[in-house]
Amino acid sequence: MTGRHPCYSYEAHHKYARMHLPVAPRCNIGCNYCNRKFDCVSESRPGVTSEVLTPEAARNKFLLVREKVANLSVVGIAGPGDALANWGSTRRTIELIKEADPEVIFCLSSNGLMLPDYAREIVELGVKHVTVTVNCLDSVTGSLIYRHVNYRGKVHRGAAGAEILLHNQQKGIEYLSRNGVLVKVNIVMVKGVNDDRIPEVVRRVKELGAFITNIMPLVPAPGSVFQDYAPTDAAELDRMRDLCGQDMQQMRHCKQCRADAIGLLNEDRSREFDTAPAEPNAGCGGSNRTSKIAAAS
Ligand code: CLF
Ligand code: SF4
């Protein structure tokens, strides 16, 4: 199955296509590299999507795209907010598409906050690929990255919020890995914030059973807290991947794609399939996305 997943397999990414269904507009945390009010509808930048779909509309779009995109193997839900902060829509979308096509490989991307609540259902639904963005292990570093965490109706700020998030991420990764799900961990590398902590993140998620890690560059989003931070230097990113590659398999072909991306990773065809007027955006599991949903958290 992984041999047909363009993100989990380097070889597969030249041949197999994925489509993202933007059915998850809300988010439950505040990442400092994200701007959920950012209005950039026409831009094809990380995390931008031009529409939000209902589960029924998502199923219809899948049926249309399946006719036109060769080797479509994966249906992913990667925002525009967080797949699990919109669990009802995410689950319904998976159910509808499974009914229409039992061969589809499903993929979810999340910040991981709600994994302890939904991991069992994810396994029961037959989802075998989940991405969780884990930027650090300790709440002090976490307080530099996450402004707030909205958990079960209560907003937690600073280290207290990060503590809940980081705990839930690790608990969820362990559960999923033990139950046959291939977990990819995305890590956003922010110089001077979490870069020196990345090797320990990689070692920890390996212990928890993760399958692969994807260390991603910071792409400073206008209007985000980190907007004036330098983008991650490509050579430093490569060195970090080399270092962490000694412990664990590294993804190196990520395109930081949109929450409504369609096609091969190298060839986004999402504009061909636009079905609604412009609206929100965001991305793959809290992984360095811009998003403009004012409703956010
Ligand atoms: Fe989408 Fe993410 Fe699944 Fe891939 S993307 S939910 S694992 S099907 Fe892939 Fe895009 Fe990089 Fe994500 S290239 S941003 S890693
Ligand atoms: Fe939410 Fe993703 Fe934005 Fe983080 S990057 S606040 S998880 S939408």
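Asker: What am I meant to see in unusual backbone geometry here?
Answerer: Between Gly79 and the following residue, Pro80, the backbone shows a cis peptide bond with an omega angle of 10 degrees. With respect to the secondary-structure elements, Pro80 resides in the loop between β3 (72–77) and α2 (87–100). Positioned with a positive phi, Asn71 is a non-glycine residue whose angle comes to about 55 degrees. Along the polypeptide, Asn71 turns up in the loop between α1 (55–68) and β3. Phi angles above zero are rare outside glycine, and Arg152 is one such case at about 50 degrees. Tracing the backbone shows Arg152 in the loop between β6 (146–151) and β7 (154–157). Using a relative accessible area of 58% as the deciding quantity, one classes Arg152 as exposed.

Asker: Hey, could you run me through the pairing of strand β5 (residues 129–133) in this one?
Answerer: Looking along a regular strand, one sees the side chains alternate between the two faces of the sheet. Burial of β5 is extensive: five of the five residues sit out of reach of the surface. Every second residue of β5 is oriented toward a common face, with His129, Thr131 and Thr133 on one face and Val130 and Val132 on the other, all of them buried. Examined bridge by bridge, strand β4 (residues 105–110) and β5 share four bridges and lie parallel to one another. Bridged to Cys107 within β5 is His129.

Asker: What is the right way to read the site of ligand 1 from this model?
Answerer: Around ligand 1, the structure places 18 residues, and the nearest of them are Cys7, His20, Cys107, Cys254 and Cys257. The residue inventory of the shell around ligand 1, partitioned by class, reads nine nonpolar, six polar and three charged.

Asker: Would you explain the environment of Pro199 in this entry?
Answerer: Its place among the elements puts Pro199 in helix α6 (residues 198–207). Looking at Pro199, the relative accessible area reads 14%, which means it is buried. In this view, Pro199 contacts Met240, Leu243 and Cys244; residues no more than four positions away in its chain are not counted.

Asker: What's the story with the sheet that holds strand β2 (residues 29–31) in this structure? I'm lost.
Answerer: Hydrogen bonds between backbone atoms are what pair the strands of a sheet, whose relative direction is either parallel or antiparallel. Strand order in the open sheet formed by three strands is β2-β6-β7, and the pairing between neighbours is antiparallel. Each of the sheet's edge strands pairs with one partner strand only, and the pair in question is β2 and β7. Taking each pair of neighbouring strands and ignoring which way they run, the sheet shows an average axis angle of 20 degrees. Where β2 and β6 come together, three bridges link them in antiparallel fashion. Paired with Cys31 across the bridge in β6 is Tyr146. Of the strands in this sheet, β2, β6 and β7 touch helix α5 (residues 158–178), which is tilted by about 65 degrees from β6.

Asker: Whenever I open this one, the environment of Ala78 confuses me. Can you help?
Answerer: Along the chain, Ala78 turns up in the loop between β3 and α2. For Ala78, a relative accessible area of 2% translates into the label buried. Residues Ala78 and Arg258, spaced 180 residues apart in sequence, show a C-alpha to C-alpha distance of 8.3 Å.

Asker: Hey, could you run me through the packing of aromatic side chains in this one?
Answerer: Aromatic ring pairs: the centre-centre distance and the angle between the two ring planes describe each pair. Applying the stated criterion across every chain yields a total of three aromatic pairs. Geometrically, the ring pair formed by Trp87 and Tyr118 is stacked, given 5.2 Å between the ring centres and 20 degrees between the ring planes. Separated by 31 residues along the polypeptide, Trp87 in helix α2 and Tyr118 in helix α3 (residues 115–125) bring together distant segments of the chain.

Asker: Please clarify how the sheet that holds β4 should be interpreted in this entry.
Answerer: Across the sheet, seven strands lie side by side as β9-β8-β5-β4-β3-β1-β10; this open sheet has mixed pairing. The sheet is open, and its two edges are formed by β9 (212–217) and β10 (262–263), each paired on a single side. Together, β1 (17–20), β3 and β10 form the strand contacts of α1, whose direction differs from that of β3 by roughly 155 degrees. Lying over the sheet, helix α7 (residues 234–245) contacts β8 (182–189) and β9, oriented at roughly 165 degrees with respect to β9.

Cut-offs used in this document
Chains are numbered independently. Their residues run from 1 in the order of the written sequence. A letter from A marks each chain and a number from 1 marks each ligand, given out in the order of writing. Reporting in this predicted model follows two pLDDT cut-offs: at least 70 for local features of residues, and 80 or more for side-chain atom pairs to be given and counted; totals over whole chains, interfaces and linings ignore these cut-offs and use all residues. Hydrogens and water molecules were not included; the side-chain quantities draw on all heavy atoms of the structure. By definition, any uninterrupted DSSP run of H or I lasting at least four residues is a helix, any uninterrupted run of E lasting at least two residues is a strand, and each is numbered from the N terminus. Note on exposure labels: buried denotes an accessible area under 20% of the residue type's maximum, exposed denotes more than 50%, and partly exposed covers the range between, all computed with a 1.4 Å probe on protein chains only. Two strands qualify as a pair provided DSSP detects at least 2 bridges between them. Only a single heavy atom is needed: when it lies within 4 Å of a molecule or strand, its residue is near that molecule or strand. Nonpolar residues are Ala, Val, Leu, Ile, Met, Phe, Trp, Tyr, Cys and Pro. Charged residues are Asp, Glu, Lys and Arg, and all others, Gly as well, are polar. Only heavy atoms matter for contacts: two residues are in contact if any of them lie within 4.5 Å across the pair. An axis is simply a line fitted to the C-alpha atoms; with a helix, the fit covers only the stretch in contact. Between two such axes, the angle follows the N-to-C directions and lies from 0 to 180 degrees. Each pair of aromatic rings taken from Phe, Tyr and Trp, with Trp reduced to its six-membered ring, is defined by centres within 6.5 Å and is described as stacked if the planes are under 30 degrees apart, edge-to-face if over 60, and tilted in the remaining cases.

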